[in-house]
Amino acid sequence: FVDDKNSTPTKRIKSLTQDLILLIEKAANKKAIEFTDNEFSFWMNSIADIEDNLDAEPNETQVQNALIALSNFEMPQKTDNNNNNRS
């Protein structure tokens, strides 16, 4: 969790990540620190495949927040100057 100084995962994310590492170590029958480069790549690719299949649909709260944010945007007013500058 120290790869990025701006990264601040929640306790839940840290716990889930640690659980995932334990499951991988159990499946591989060795500690992650003992993985070869090929084993590391295999597991990282497997995780990436799983992430690629996660549903990216926003939840209702995200939709409502986006709608509120969009409603605060204003379209620029057209002026005669804008129309005169177009060729």
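None of the values given here were measured: they were computed from a predicted structure. (Residues numbered from 1 in each chain as written. Predicted model: local features only at pLDDT ≥ 70, side-chain atom pairs only at ≥ 80, totals over all residues. Heavy atoms only, no water.)

## With respect to the side chain of Glu25
No. 1: Mapped onto the elements of the fold, Glu25 is located in helix 1 (residues 11-28).
No. 2: Classification of Glu25 by relative accessible area gives buried; the value is 13%.
No. 3: Engagement of the side chain of Glu25 in a polar contact is seen with the backbone nitrogen of Ala32, the distance being 2.9 Å. (Helix = DSSP H or I, 4+ residues; strand = E, 2+ residues; numbered from the N terminus. Buried < 20%, exposed > 50% of the residue type's maximum accessible area, 1.4 Å probe, protein only. Polar contact = N/O pair within 3.5 Å; in protein donor to acceptor, adjacent residues only side chain to side chain.)

## Section: the packing of aromatic side chains
No. 1: What the rule picks out here adds up to one aromatic pair.
No. 2: Measuring from ring centre to ring centre gives 5.0 Å for Phe42 and Trp43, while their planes differ by 80°; the resulting arrangement is edge-to-face. (Phe/Tyr/Trp six-rings, centres within 6.5 Å; stacked < 30°, edge-to-face > 60°.)

## Digging into a nonpolar patch on the surface
No. 1: Among the surface-exposed residues, Val63, Leu67 and Leu70 lie close enough to one another that they form a single nonpolar patch of about 260 Å² accessible area.
No. 2: Within the secondary structure layout, Val63 lies in helix 3 (residues 60-71). (Patch = residues over 30% accessible without salt bridge, like charges linked within 9 Å, V, L, I, M, F, W, Y side chains within 5 Å. Areas by Shrake-Rupley, 256 points an atom, 1.4 Å probe, with all protein chains shown as cover. Salt bridge = Lys/Arg side-chain N within 4 Å of Asp/Glu carboxyl O.)

## As for helix 3
No. 1: Here helix 3 spans 16 Å end to end across 12 residues, near enough to the 16 Å set by a 1.5 Å rise per residue.
No. 2: For helix 3, the N-terminal capping position is held by Asn59, with its side-chain oxygen 3.0 Å away from the main-chain nitrogen of Thr61. (Expected span 1.5 Å × (residues − 1).)

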